[in-house]
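Coordinate inspection notes
The lines below spell out each chain.
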Amino acid sequence: MPFVDIYSKDDFASIFYITNTEYDCVGGFDPEKPTILMLHPTTLDSSWLTEQFSDPRLGSNFNLIAFDMRVCGQSTCRANGKHDLWVEAADIAMCCQELHLPPCHIFACETLAVNSALRFAILFPELCLSLTLCNVPAPTEMKWVFNAYDEMMQTWCYTEDLESLEHVSMELTRFIVGSECDPDLRDDLIEYWEIEMPPFRRTRIVEQLGVIMNRTPLKSYMLKEVTQPVLIIQGERNEVSPLKYAERLVADLVNAEGGAILYEVKGGVGALNVVPGTASITNQVFSKFVLRLPHHRSDLLPSPTPKEERMSVALEKLAQLMGDSAITLRDPLSPMSFSCLTPEVVKGQEDSLKLYRKGEGAAFNPCGPNGKPIRKFSETRKQHWFSGEKDGISYASSSLTKNGKQEAEPYERLLPLPQSEPVTGDLAHQGRLRRATISPSSVDKHVIKGSMAKVVNSNTPNSFQRLLK
């Protein structure tokens with residue numbers, strides 16, 4: 001299997017990757033074609049880049065490679081409270097150097113990938129030919145998004161039955177893809193999460209979302225370091241990553257070659273590279289953008305600069321950006337040396353991982369003995385008592401105003417949009433750190449477990465029970 005092992009005194013990660021070559025290795029790359037490095041969407045892995053790998057506009061004209069980030073898919077790592085987006089950027093750089101990859105065009109999808117790609121372009125500009133960012137998020141999560149991530153994560157990690165897990169999975173698909181998610185796509189997403197992110201592997205979920213929720217924004221002087229051509233593809237109706245933040249990033253990338261370009265996908269919501277309709281549009285725009293750039297060969301040659309020396313240079317640049325000279329004294333061969341989290345945040349993340357690790361092995365497993373989900377979501381939902389309309393809640397979909405019009409979209413009702421802006425600046429971590437203490441018994445209250453007969457029998461007065469007999 002194609003893996004890149006990254007090891008040091010304080011860290012270990014085995015990064016899985018895929019390519020579009022016959023034997024799934026970089027040795028099969030065509031040196032005459034440019035290379036595209038793809039970063040997968042949040043909560044998914046490189047297998048969800050199928051729409052890109054199978055598109056002849058990309059697969060026929062470019063060498064393609066995609067990495068599973070260290071807590072996603074088939075990649076594995078040692079859990080670490082220092083893990084942040086700068087660490088992800090260092091992971092990508094080390095993988096590129098180990099595989100002797102040529103400079104690549106970066107294609108990054110959604111929050112985790114977009115933020116990692118920007119930091120990679122800042123620290124390792126010679127490895128990045130261009131940046132394409134799909135659905136640029138807010139600098140830090142908006143309050144309602146932060147709270148939604150928090151609640152869904154706790155519910156997911158401590159669920160005790162399949163119905164509860166399917167309920168929060170349905171909420172997550174609406175959150176990531178949108179309220180009008182295709183039923184077949186929803187089935188595929190939920191099946192993937194049940195197999196790859198079950199409650200008995202919850203520390204991976206906690207670490208991944210901790211990286212997103214505890215991130216600090218890139219300051220304007222940092223964004224000035226991005227000098228590559230930049231294309232931003234943004235969904236018009238994306239509520240989690242509103243269009244205005246993509247417009248702000250375009251304005252901040254003042255040194256991007258030729259000026260940053262913003263393309264708005266009409267009707268697009270989330271996961272632009274996954275939903276078939278928007279994925280085709282995204283691929284077309286991306287391929288045309290890259291093809292108009294100067295052609296670059298893909299010769300697999302060792303870097304003239306040794307890896308340790310190059311990573312030391314990156315640490316020096318990071319120290320300059322952060323105003324902390326102590327960063328230069330860290331081990332350049334450890335991705336964790338690139339972490340820029342404060343000691344308070346590191347401790348908070350370590351406490352959270354320690355808490356969620358308790359009882360992890362005995363947590364709920366939604367799969368059968370064959371390692372596959374016991375049932376398909378769409379088939380069971382047809383008979384489920386709280387499944388009515390596309391949002392899965394009967395009464396919510398049928399609420400009408402006096403003039404016969406629906407009050408609001410189901411998505412808006414379940415996840416109301418506040419007017420507050422994301423936290424920025426020095427206050428980005430104050431009050432935003434994930435709470436490390438939870439009440440596992442409280443996460444299942446919104447879902448009634450078991451059959452309706454049990455619910456009725458347990459809550460019905462004795463006189464009514466006699467009438468039922």
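Structure: above.
Residues numbered from 1 in each chain as written. Predicted model: local features only at pLDDT ≥ 70, side-chain atom pairs only at ≥ 80, totals over all residues. Heavy atoms only, no water.

1. Let's talk about the packing of helix 3 (residues 85–98) against helix 4 (residues 110–123)
Filter applied, for reference: In this description, a line fitted to the C-alpha atoms serves as the axis of each element, helices being fitted only across the stretch in contact, and the angle between N-to-C directions of two axes falls anywhere from 0 to 180 degrees. Helix and strand labels come from DSSP, where a helix needs a run of H or I of at least four residues and a strand needs a run of E of at least two; each type is numbered from the N terminus. A clockwise turn of the near helix away from the far one marks a right-handed crossing, whereas an anticlockwise turn of less than a right angle marks a left-handed crossing. In this description, contact between two residues means that some pair of their heavy atoms is separated by no more than 4.5 Å. Following the grouping adopted for this structure description, the nonpolar residues are Ala, Val, Leu, Ile, Met, Phe, Trp, Tyr, Cys and Pro, the charged ones are Asp, Glu, Lys and Arg, and the polar ones are all others, Gly among them.
Between helix 3 and helix 4, the least distance of the axes is 8 Å, while the angle of their chain directions is 65°. Viewed along their axes, helix 3 and helix 4 form a crossing whose handedness is right-handed. In contact with L85, W86, E88, A89, I92, A93 and C96 of helix 3, helix 4 contributes L112, N115, S116, R119, F120 and L123. A breakdown of the residues in the contact of helix 3 with helix 4 according to their chemical character gives nine nonpolar, two polar and two charged.

2. Things to note about the pattern of salt bridges
Note the threshold: For this analysis, a salt bridge means a side-chain nitrogen from Lys or Arg found within 4 Å of a carboxyl oxygen belonging to Asp or Glu. Only protein chains enter the calculation, and the probe is 1.4 Å; a residue is then buried if its accessible area is under 20% of its type maximum, exposed if over 50%, and partly exposed in between.
Here the structure, examined in full by the defined rule, presents 14 salt bridges. A salt bridge links E32 to R297; the nearest nitrogen and oxygen atoms lie 2.5 Å apart. Of this pair, E32 sits in the loop between strand 2 (11–19) and strand 3 (35–39) while R297 sits in the loop between helix 11 (276–291) and helix 12 (307–322), placing them 265 residues apart in sequence. Among the ionic pairs, D299 bridges to R297, the shortest N-O distance being 2.8 Å. For D299, a relative accessible area of 33% corresponds to the partly exposed category. Bridged by salt links that share partners, the residues D11, R70 and D91 form one connected network.

3. Some details on the pairing of strand 6 (residues 104–109)
So the rule is basically this: The pairing criterion is simple: DSSP has to find at least two bridges between the two strands.
For strand 6, the buried fraction is high: six of the six residues fall into the buried class. Side chains of strand 6 alternate between two faces, with C104, I106 and A108 and H105, F107 and C109 buried alike. Pairing between strand 3 and strand 6: four bridges, direction parallel. The residue bridging L39 from the neighbouring strand is A108, located in strand 6.

4. Quick word on the nonpolar core
Side chains that are nonpolar tend, in soluble globular proteins, to be buried together. The condition that has to hold: Put simply, buried Ala, Val, Leu, Ile, Met, Phe, Trp, Tyr and Cys residues joined by side-chain atoms within 4.5 Å make one nonpolar core.
Core analysis: the biggest nonpolar cluster contains 103 residues, and F120, L131, L133 and W193 have the highest contact counts within it. In this structure L133 touches A108, V114, A117, L118, L231, I232, I233 and L249, once residues within four positions along its chain are discounted. Grouped together as the second largest cluster of nonpolar side chains are 22 residues, L58, A66, V265 and L272 included.

5. What to know about empty space enclosed by the protein
Operational definition: In this analysis, the protein atoms alone were mapped onto a 1 Å grid. Cavities are point sets where a 1.4 Å probe fits without being able to get out; pockets are open sets with protein on both sides within 12 Å along at least five of seven lines; lining residues have an atom within 4 Å of a point. Grid points are joined across faces, edges and corners, and a volume is the space filled by probe spheres set on the points.
Applying the stated criterion across every chain yields a total of six cavities of 30 Å³ or more. There is about 140 Å³ of room inside the largest cavity. Forming the walls of the largest cavity are P41, T42, T43, E110, T111, Y149, F175, I176, N238, V240 and S241. For the lining of the largest cavity, the elements supplying multiple residues, two or more each, are helix 4 and helix 6 (162–176). Taken together, the residues of the lining of the largest cavity break down into five nonpolar, five polar and one charged. One number sums up the size of the second largest cavity: a volume of about 120 Å³. What lines the second largest cavity is simply T43, Y149, M152, M153, W156, V168, L172, M197, I205 and L209. Only helix 5 (143–157), helix 6 and helix 8 (202–213) provide two or more residues apiece to the lining of the second largest cavity. Counting residues per element, the lining of the second largest cavity draws most heavily on helix 5, which supplies four residues.

Read these as layout, nothing more, since geometry by itself doesn't imply function.
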